[in-house]
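Below, each chain spelled out in residue letters.
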Amino acid sequence: MPARIIVGAQFGDEGKGKITDFFSAKMDFVARYQGGNNAGHTVCVKDQTFKLHLLPSGVVQKKHLLIGAGVVVDPKVLLEEIALIESLIGKIKLTVDARANIIMPYHVLLDASIEGKQGKIGTTKRGIGPCYSDRAARIGIRFEDLVDEKILREKLHKVFSIKKKILEAVYGKHLDFNEKQVLKEYAAYGKKLRHYLGDVSTILDSALRQKKRVLFEGAQGTFLDNDFGTYPFVTSSHPISAGALVGTGLGLRKIENISGVTKAYTTRVGEGPFPTELHGKQATLLRKQGNEFGTTTGRPRRVGWLDLPLIRTAHRLNNFSELAITKLDVLSGFKEIKICTHYKVGGKKFSEVPMLSKDFEKAKPVYKSFKGFNVSGKEKTFSRLPKEAQNYLKFIEKNTGVKIALVSVGAKRNETIPR
Ligand code: IMP
């Protein structure tokens, strides 16, 4: 099947937006299959840089954009992003699946409230978790409901008083919106968005049968997967490659390429284990050189050395056909660079992420050191990269068993080296 899935091999923010933009030039459709506006990608249009959260990165290439059933949609954010992009590049082609769940104002308020009460996850506070919880509890409002005022009224009426009680009684919150106001506001969003309603599953099935090219754009990363990530420090959806089919409504089929995207080092936003995390001067330098601050929340990202047990585990979970390494240039200037080859937990060696969280929390990284290198972004081929950088990349290939197909050496589209 002429399809490609792009998945983050780490904790999100791997630079998938740039890789998606690179591949989407040759695609007919770009689909998002999970997550919501907790994601963030930076796109450049006419020398201007924008941060998008919900629309697929393929928007810049003017592809048919699909938002699958597995995505949670904040209609206000969607309308804002459509307006912004259309003011720059003209009309976009977008289909939102009828089954996608809608993020409501009480989800956003609950997200912030739960954080305080149930222990810290460090969520983006965009209402993602509470919205997916309602989907699983079968009390969610879906896109098909949003665009039909009568159904929206009925569904909202069923849940609103319950959410209000929970927010007030359990979390001591005061709601500055009532049911009538929410209905009015969301029915208006529904009217504006109605013409995007469609069946992503049917569109994709027919596209793939006609050998059209489809790119599935994962948001977040493998270790934020609700089941296979570092639970409970995860998001509420399935970024891993299998999520692409579940989240768009496609039966199992052979996918031509599954690209795992990883930075040349590691970052993480929010709480949770991070064995190779750096602190002090080295961390400050890496964060500064990589501009490691969250696209969605602006939070400084935690930074550390590349962690191969993570990448090996990600390969098992996603079945990568190739790796794309991003931000290699950011390592420039370090005298010594390290790669974690495996972990030690109480004298036992682990070459992948341990099954038990209590072991992962205690994992001590074992490193291999590399001589530093300077990458300017001007290198156009692999062989033009400094020898030390080539060695660094070859070591990753050899020790993960996945070939590197792309190396990104700068933020610009042309600062990408195919291998
Ligand atoms: P949520 O997805 O907002 O519920 O947040 C759950 C966890 O996932 C938190 O640790 C967030 O920081 C993290 N997270 C969510 N979206 C992203 C992303 O796009 N990049 C990196 N981390 C993310």
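Before any of the text, the structure's been laid out above.
Keep in mind that this is a model prediction, so the values were computed, not measured.

Comments concerning the site of the ligand
Asp 13, Asn 38, Thr 124, Thr 235 and Arg 299 are the nearest of the 15 residues found near the ligand. Here an oxygen atom of the ligand and a backbone polar atom of Gly 122 are 3.2 Å apart. Between the ligand and Val 269 there is a distance of 3.2 Å, counted from an oxygen atom to a backbone nitrogen or oxygen. Relative to its unbound accessible surface of 470 Å², the ligand loses 97% to contact with the protein. Here the shell around the ligand is composed, by residue class, of 6 nonpolar, 7 polar and 2 charged.

So, the pairing of strand 5 (residues 64–67)
Residue alternation in strand 5 divides its side chains into two sets, His 64 and Leu 66 and Leu 65 and Ile 67, and both sets are buried. Pairing geometry for strand 2 (residues 29–32) and strand 5, over 4 bridges, is parallel. Across the sheet, Val 30 pairs through a bridge with Leu 65, a residue of strand 5. Here strand 5 runs beside strand 7 (residues 93–97); their pairing, made up of 4 bridges, is parallel. Bridge assignment links Leu 66 to a residue of strand 7, and that residue is Thr 95.

Considerations on helix 3 (residues 105–117)
Along its 13 residues, helix 3 runs 19 Å from first to last C-alpha, staying within 8% of the 18 Å computed at 1.5 Å per residue. Residues of helix 3 that are buried: Pro 105, Tyr 106, His 107, Leu 110, Asp 111, Ser 113 and Glu 115. Those residues of helix 3 hidden inside the fold are in contact with strand 8 (101–102), helix 4 (128–136), helix 6 (149–170) and helix 7 (179–193). Positive backbone phi, at 95°, marks Gly 119, one or two positions downstream of helix 3.

Here's the deal with helix 6
An ideal rise of 1.5 Å per residue puts 32 Å on 22 residues; helix 6 measures up with 30 Å between its terminal C-alpha atoms. The largest bend in helix 6 comes to about 30°, at His 157. Of the surrounding elements, those touching the buried residues of helix 6 are helix 3, helix 4, helix 5 (143–146) and helix 7. After helix 6 finishes, the residue Gly 172 shows a positive phi value of roughly 60°.

A look at the pairing of strand 7
Most of strand 7 is tucked away, with 4 of its 5 residues classed as buried. Inspection of the sheet shows strand 7 paired to strand 9 (residues 197–198) by 2 bridges, in the parallel sense. Looking across to strand 9, one finds that Val 96 is bridged to Leu 197.

Describing the nonpolar core
Counting 64 residues, the largest nonpolar core has Phe 216, Leu 328, Leu 331, Leu 385, Tyr 392, Leu 393 and Ile 396 as its most contacted members. Sequence-distant contacts of Phe 216, defined by excluding residues within four places in its chain, comprise Ala 3, Arg 4, Ile 5, Ile 6, Ala 31, Tyr 33, Leu 204, Ala 244, Thr 248, Leu 250 and Ile 255. The next biggest cluster of nonpolar side chains, apart from the first, holds 54 residues, and it includes Ile 6, Ile 19, Ile 89 and Leu 167.

Rules used throughout
- Residues numbered from 1 in each chain as written.
- Predicted model: local features only at pLDDT ≥ 70, side-chain atom pairs only at ≥ 80, totals over all residues.
- Heavy atoms only, no water.
- Near = heavy atom within 4 Å.
- Polar contact = N/O pair within 3.5 Å; in protein donor to acceptor, adjacent residues only side chain to side chain.
- Areas by Shrake-Rupley, 256 points an atom, 1.4 Å probe, with all protein chains shown as cover.
- Nonpolar A, V, L, I, M, F, W, Y, C, P; charged D, E, K, R; others polar.
- Buried < 20%, exposed > 50% of the residue type's maximum accessible area, 1.4 Å probe, protein only.
- Helix = DSSP H or I, 4+ residues; strand = E, 2+ residues; numbered from the N terminus.
- Pairing = 2+ DSSP bridges.
- Expected span 1.5 Å × (residues − 1).
- Contact = heavy atoms within 4.5 Å.
- Bend = angle between axes of the 7 residues up to and from the residue.
- Core = buried A, V, L, I, M, F, W, Y, C linked by side-chain atoms within 4.5 Å.

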